[in-house]
Amino acid sequence: MSDATSTAPADRARSNELGPVARFLKATELDTRMLGMIAALLIIWLGFHIFSNGLFLTPRNLWNLSVQSSSVAVMATGMVLVIVTRNIDLSVGSVLGFVGMIIGVTQAEILPRYLDFGHPAIWVIALIVGILIGVIIGALQGYVIAFLGVPAFIVTLGGLLVLRGAAWWVTSGRTVAPMDETFRLMGGGPAGSIGATASWIVGIIACLAVVLMLFNGRRQRKRFRFPLRPVWAEFFLGGIACAFIMGAVWIANSYPWPIGIVRNYARDNNITLPEGGLFIAHGIAIPVLIAIGVGVIMSFVSTRTRFGRYVFAIGGNPEAAALAGINTRWVTMKIFMLMGGLAAIGAAISTARLNAATNAQGTLDELLVIAAAVIGGTSLAGGAGTVAGAMIGAVLMQSLSTGMILLGVDTPLQNIVVGLVLVIAVWLDTLYRKRMQ
Amino acid sequence: MERKGPPLVELKNISIAFGGIRAVDDASVDLYPGEVVALLGHNGAGKSTLIKILSGAYKRDAGEIRVNGEEATIANPRDAKAYGIETIYQTLALADNVDAAANLFLGRELVTAWGTLDDVAMEDQARKVMGRLNPRFVRFKEPVVKLSGGQRQSVAIARAILFNARILIMDEPTAALGPQETAQVGELVKQLKADGIGIFLISHDIHDVFDLADRVCVMKNGQVVGTARTEDVTKDEVLGMIILGKCPPGATPGPGAMVVAAA
Ligand SMILES: Nc1ncnc2c1ncn2[C@@H]1O[C@H](COP(=O)(O)OP(=O)(O)OP(=O)(O)O)[C@@H](O)[C@H]1O
Ligand SMILES: [Mg+2]
């Protein structure tokens, strides 16, 4: 069998002579689209840094940026799967609002009747209830979309209105506060960060994971004697990834606690403050860890599992997927359940960060989430998109608003800029895809 | 051809209508192990619709499907595959955005001990089966949308033969293939036939049909005009069946045969 394969001439068009850059890209198998996006992000960061006289690229600002992006980033990972199957979910902002209210009421009003104040089970139960409600909402919408055949646009537009109304109904519009102490760690802040040592450990584990992944991929391909990447390319990729991870940890570890909090901390722990003050690093914020964890899991699900393969196949050709024996309706319903669960995690992060649940929470988040996914390379025509791209898209969107706030741009102008950036980004992407065809 | 026991597949009095159109009307046809039955007819005669009922893509309005003499329940493509029925669709039915190996194993992915997709193992098998069909095919890493029409067709054929089909449905499998690849598919059909697989072959090429098929079944306007063993009829007679619906003496007439006025 393999003899036939090797003796017959290759059936491909004559390939162009490759220049050094193209050869490099081919050897490393890097995704040029993703590189373009990272370049765009860096340009935006540099631009803001210059125009804000050096306020943007500081540990403090980057740390805050990471925390502020996490809720949208978590939801964007699910939106990728939704859009890949040629659907849309307009309800995520309202799901976030409604689930946030439920989480708030559960921990601040219902559970304290049965459990002591600050009981460790409170935050766990509140979180589980929230995620369950999110998944149930997703299941209901997904059922109507997949099994009753109502377009996702309409179903989730209805969901947007219904759940925003429902969020109000939970407490008749009253804001619920404060949240449980432990629960609040999910929102970040000095307490909700893991500190310098743990951050380094997380960084090292992540680096090891990258190396292991590269190694495993190589071993797998060796198993069948498939062409391998050049060894230098493997080292290059591993080196870049590890440098990036350790760099990010270093930045998070360069952002110290504010003086007031350090003072309180020193008083509570009977430490005498040294002369120049005490440097206690934030380290990686817990919501950021949650977002990264979700991103890794969703990347894994979308590329390495049957479910993920079916999602993409349905997006590429729904009829072919059905003829191949895939239960396309059930897959679609599961995607919306997943989206609901992710919106609930987003709700947990944002209620924890605000230390309150309000009925307006998450308003317009659906647009940010969709924009993040689309800027991140998810095609609205279906069939294409990556989780990592959507997460970078979320950071990019958040960078724009943070940067403009730093520059003191008015809110209306901010909206105008974000709107234009969205359209231009998708236009550039269309051009890119045409060239790649 | 020896015919011991019940037919491999028996489609009995199958009917289906789309809106007002009777796409298939009271059609019956059977298939024995190691036999190639060609389905012929003009465009829109109902050939694809009939076989899509067998492959589970459509639900019939009336009629019965028997596999090995026993009534079979085929409500969706998964059921059909469970009976060993594999189909090469006229439209190819490929997921355009994923690569050849992903298409070959769509719905039946190989997984590792961890339950994750075993992409390298799938690529390995894909290389083997594609090597059998189209040895010059090398673009395994690219989404099939970037392949030529014939390469896509090779992928669709490879998918059907990958899983040890017992009953193979080929709906115009060589429409986009070059002469060499067409000959290769012809060889493949003979080889599969020798392995005892039953094949429904839909084709407009009457020479191919006479070369490969044991029997022909001609459809017209959703009805079966007649069924005949290829050695009992001539090409012209078969053309007469297709165009005029006239059933020659060597054929068994079906409900769609033109009623010859008693003269
Ligand atoms: N999904 C559908 N909805 C409505 N009508 C259909 C559908 N599928 C087929 N038909 C109709 O049924 C009839 C038979 O179509 P079919 O595709 O079975 O023809 P065919 O014999 O395969 O023709 P060809 O040689 O062109 O492939 C046609 O009139 C067609 O318009
Ligand atoms: Mg047809």
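Residues numbered from 1 in each chain as written. Chains lettered and ligands numbered in written order. Predicted model: local features only at pLDDT ≥ 70, side-chain atom pairs only at ≥ 80, totals over all residues. Heavy atoms only, no water.

- In the nomenclature of an unreviewed UniProt entry, chain B corresponds to Sugar ABC transporter ATP-binding protein from the organism Aquibium carbonis.
- Recorded under Subcellular location (unreviewed entry), the UniProt text for chain B is reproduced unchanged: "Cell membrane". (UniProt positions renumbered as here; feature names shortened; annotations may be inferred.)

- An unreviewed UniProt entry lists chain A under the name Xylose transport system permease protein XylH, with Aquibium carbonis given as the organism.
- Chain A has a UniProt comment under Function (unreviewed entry) that states "Part of the binding-protein-dependent transport system for D-xylose. Probably responsible for the translocation of the substrate across the membrane."
- UniProt, in the comment section headed Subcellular location (unreviewed entry), describes chain A in these words: "Cell membrane".

1. A closer look at the overall build of chain B
Link 1 in the chain: What chain B contains, in helices and strands, is eight helices and 11 strands.
Link 2 in the chain: Relative to a compact globule of 263 residues, whose C-alpha radius of gyration would be 18 Å, chain B shows 19 Å and is just as compact.
Link 3 in the chain: Each of the three principal axes of chain B carries a C-alpha extent, and together these read 70 × 40 × 40 Å.
Link 4 in the chain: A burial count over chain B gives 56% of its 263 residues as buried.
Link 5 in the chain: Taking all contacts inside chain B whose residues are at least 6 apart in sequence as the whole, residues at least 24 apart take part in 63%.
Link 6 in the chain: Per element, the accessible surface of chain B, about 11000 Å² overall, is 51% carbon and sulfur. (Helix = DSSP H or I, 4+ residues; strand = E, 2+ residues; numbered from the N terminus. Rg over C-alpha atoms; globule rule 2.2 N^0.38 Å. Buried < 20%, exposed > 50% of the residue type's maximum accessible area, 1.4 Å probe, protein only. Contact = heavy atoms within 4.5 Å. Areas by Shrake-Rupley, 256 points an atom, 1.4 Å probe, with all protein chains shown as cover.)

2. Here we look at the coordination of the magnesium ion (ligand 2)
Residues and elements named next belong to chain B.
Link 1 in the chain: For the magnesium ion (ligand 2), the full set of protein donor atoms is Ser48 (OG) and Gln90 (OE1), and the range of their distances to it is 1.9 to 2.2 Å. Linking Ser48 in helix α1 (residues 47-54) with Gln90 in the loop between β6 (85-88) and α3 (100-104), this pair joins segments that are 42 residues apart in sequence.
Link 2 in the chain: A residue is classified by how much of its surface remains accessible, and Gln90, at 40% relative accessible area, is partly exposed. (Donors = N, O, S within 2.8 Å, 3.2 Å for Na, K, Ca; no water.)

3. Some details on the nonpolar core
Link 1 in the chain: Ranked by internal contacts, the top residues of the largest apolar core, which has 90 residues, are Met79, Ile326 and Val331 of chain A.
Link 2 in the chain: Once you skip the residues sitting within four places of it in the chain, Val331 of chain A turns out to touch Phe307, Tyr310, Val311, Ile314 and Ile326 of chain A.
Link 3 in the chain: By size, the runner-up hydrophobic cluster in this structure holds 51 residues, among which are Ala126, Phe140, Val144 and Val218 of chain B. (Core = buried A, V, L, I, M, F, W, Y, C linked by side-chain atoms within 4.5 Å.)

4. What to know about the site of ligand 1
All names here are of chain B.
Link 1 in the chain: Contacts to ligand 1 come from 14 residues, most closely from Asn43, Gly44, Lys47, Ser48 and Thr49.
Link 2 in the chain: Tyr58 places a polar side-chain atom, nitrogen or oxygen, 3.2 Å from a nitrogen atom of ligand 1.
Link 3 in the chain: A distance of 3.0 Å is found between an oxygen atom of ligand 1 and a side-chain nitrogen or oxygen belonging to His204.
Link 4 in the chain: Starting from 630 Å² of accessible surface for ligand 1 in isolation, the protein chains cover 66%.
Link 5 in the chain: If one sorts the elements of the shell around ligand 1 by residue count, α1 sits on top with three residues.
Link 6 in the chain: Here the shell around ligand 1 is composed, by residue class, of four nonpolar, eight polar and two charged. (Near = heavy atom within 4 Å. Polar contact = N/O pair within 3.5 Å; in protein donor to acceptor, adjacent residues only side chain to side chain. Nonpolar A, V, L, I, M, F, W, Y, C, P; charged D, E, K, R; others polar.)

5. A look at a nonpolar patch on the surface
Residues and elements named next belong to chain A.
Link 1 in the chain: Taken together, the side chains of Tyr143, Phe147, Leu148, Val150, Phe153, Ile154, Leu157 and Trp330 make up a nonpolar region of the molecular surface, amounting to roughly 720 Å² of accessible area.
Link 2 in the chain: Per element, the largest residue contribution to the nonpolar patch is three residues, and it comes from helix α7 (residues 152-171).
Link 3 in the chain: Positionally, Trp330 belongs in helix α15 (residues 328-354). (Patch = residues over 30% accessible without salt bridge, like charges linked within 9 Å, V, L, I, M, F, W, Y side chains within 5 Å. Salt bridge = Lys/Arg side-chain N within 4 Å of Asp/Glu carboxyl O.)

6. Looking at the UniProt feature "domain: ABC transporter" (unreviewed entry) in chain B
Link 1 in the chain: With numbering aligned to this structure, UniProt lists the feature "domain: ABC transporter" (unreviewed entry) at residues 9-246 of chain B.
Link 2 in the chain: Across residues 9-246 of chain B, the secondary structure splits into 34% helix and 26% strand, with the terminal C-alpha atoms separated by 26 Å.

7. Brief notes about the packing of aromatic side chains
Link 1 in the chain: Considering all chains together, one arrives at 12 aromatic pairs over all chains under this definition.
Link 2 in the chain: Both rings, one in Trp63 of chain A and one in Tyr255 of chain A, keep their centres 5.3 Å apart while their planes meet at 55 degrees; by these two values the pair is tilted. Placement of the pair is Trp63 of chain A in helix α4 (residues 59-84) and Tyr255 of chain A in the loop between α10 (231-252) and α11 (259-268), with a sequence separation of 192 residues.
Link 3 in the chain: Assessed through its relative accessible area of 11%, Tyr255 of chain A is described here as buried.
Link 4 in the chain: Of the aromatic side chains, those joined through ring pairs into one cluster are Phe24, Trp232 and Phe236 of chain A.
Link 5 in the chain: For the cation-ring pair, Arg108 of chain B lies above Phe163 of chain B, with the distance from its terminal atom to the ring centre recorded as 3.8 Å.
Link 6 in the chain: For the cation-ring pair, Arg127 of chain B lies above Phe226 of chain A, with the distance from its terminal atom to the ring centre recorded as 4.9 Å. (Phe/Tyr/Trp six-rings, centres within 6.5 Å; stacked < 30°, edge-to-face > 60°. Lys NZ or Arg CZ within 6 Å of the ring centre and 35° of its normal.)

8. Thoughts on the side chain of Asn253 of chain A
Link 1 in the chain: Mapped onto the elements of the fold, Asn253 of chain A is located in the loop between α10 and α11.
Link 2 in the chain: Those residues within four positions of Asn253 of chain A in sequence are excluded, and the remaining contacts are Gly195, Ala196, Ser199, Trp200, Phe279, Ala281 and Gly283 of chain A.

9. Section: the interface of chain A and chain B
Link 1 in the chain: Opposite the 36 residues of chain A that make contact, chain B presents 39 residues.
Link 2 in the chain: Carbon and sulfur atoms supply 59% of the area buried between chain A and chain B, which totals about 3200 Å² over both sides.
Link 3 in the chain: Linking chain A with chain B are five salt bridges, by the criterion used here.
Link 4 in the chain: In this assembly, chain A and chain B are joined by 10 residue pairs in polar contact (both at pLDDT 80 or more).
Link 5 in the chain: Contributions of two or more residues to the side of chain A that touches chain B are made by α1 (2-7), α9 (195-223), α12 (286-304), α13 (306-316) and α14 (318-323) of chain A.
Link 6 in the chain: At seven residues, the largest contribution of residues to the side of chain A that touches chain B is made by α13 of chain A. (Buried area = accessible area lost by both parts, 1.4 Å probe.)

10. Side note on the domain arrangement of chain B
Residues and elements named next belong to chain B.
Link 1 in the chain: Each assigned domain of chain B is listed here: domain 1 (1-84 + 166-263) and domain 2 (95-165).
Link 2 in the chain: Once you take the C-alpha centre of each, domain 1 and domain 2 turn out to be 27 Å apart.
Link 3 in the chain: In this complex, domain 1 contributes 19 residues to the contact, which on the side of domain 2 involves 15 residues.
Link 4 in the chain: Of the roughly 1200 Å² buried between domain 1 and domain 2 on both sides combined, carbon and sulfur atoms contribute 55%.
Link 5 in the chain: On inspection of domain 1 and its partner domain 2, the count reaches one salt bridge.
Link 6 in the chain: Glu181 is paired through a salt bridge with Arg136; the nearest N and O atoms lie 3.1 Å apart.
Link 7 in the chain: Linking domain 1 to domain 2 there are four residue pairs in polar contact (both at pLDDT 80 or more).
Link 8 in the chain: Listing elements by their share of the side of domain 1 that touches domain 2, those giving two or more residues are β7 (167-171) and α6 (179-194).
Link 9 in the chain: Tallied by class, the residues present in the side of domain 1 that touches domain 2 amount to 10 nonpolar, five polar and four charged. (Domains from an automatic or database assignment.)

11. Quick notes on the pattern of salt bridges
When their charged atoms lie close together, side chains carrying opposite charge are able to pair.
All names here are of chain A.
Link 1 in the chain: Throughout the structure, instances matching the rule amount to 25 salt bridges over all chains.
Link 2 in the chain: Salt-bridge contacts for Glu109 lead to Arg174; the nearest nitrogen and oxygen are separated by 2.9 Å. Residue Glu109 is found in helix α5 (residues 92-110), and its partner Arg174 is found in the loop between α7 and α8 (181-184); the two are separated by 65 residues along the sequence.
Link 3 in the chain: Judged by its relative accessible area of 27%, Glu109 is partly exposed.

12. Quick word on unusual backbone geometry
Link 1 in the chain: The omega torsion of the bond from Ala177 of chain A to Pro178 of chain A falls at -10 degrees, within 30 degrees of zero and hence cis.
Link 2 in the chain: Positive phi outside glycine occurs at Asn270 of chain A, with the angle close to 55 degrees.
Link 3 in the chain: With respect to the element layout, Asn270 of chain A can be found in the loop between α11 and α12.
Link 4 in the chain: The phi dihedral of Asp26 of chain B is positive, around 55 degrees, even though this residue is not glycine.
Link 5 in the chain: Looking at the secondary structure, you find Asp26 of chain B in strand β2 (residues 21-31).
Link 6 in the chain: Exposure remark for Asp26 of chain B: the relative accessible area of 31% places this residue in the partly exposed category.

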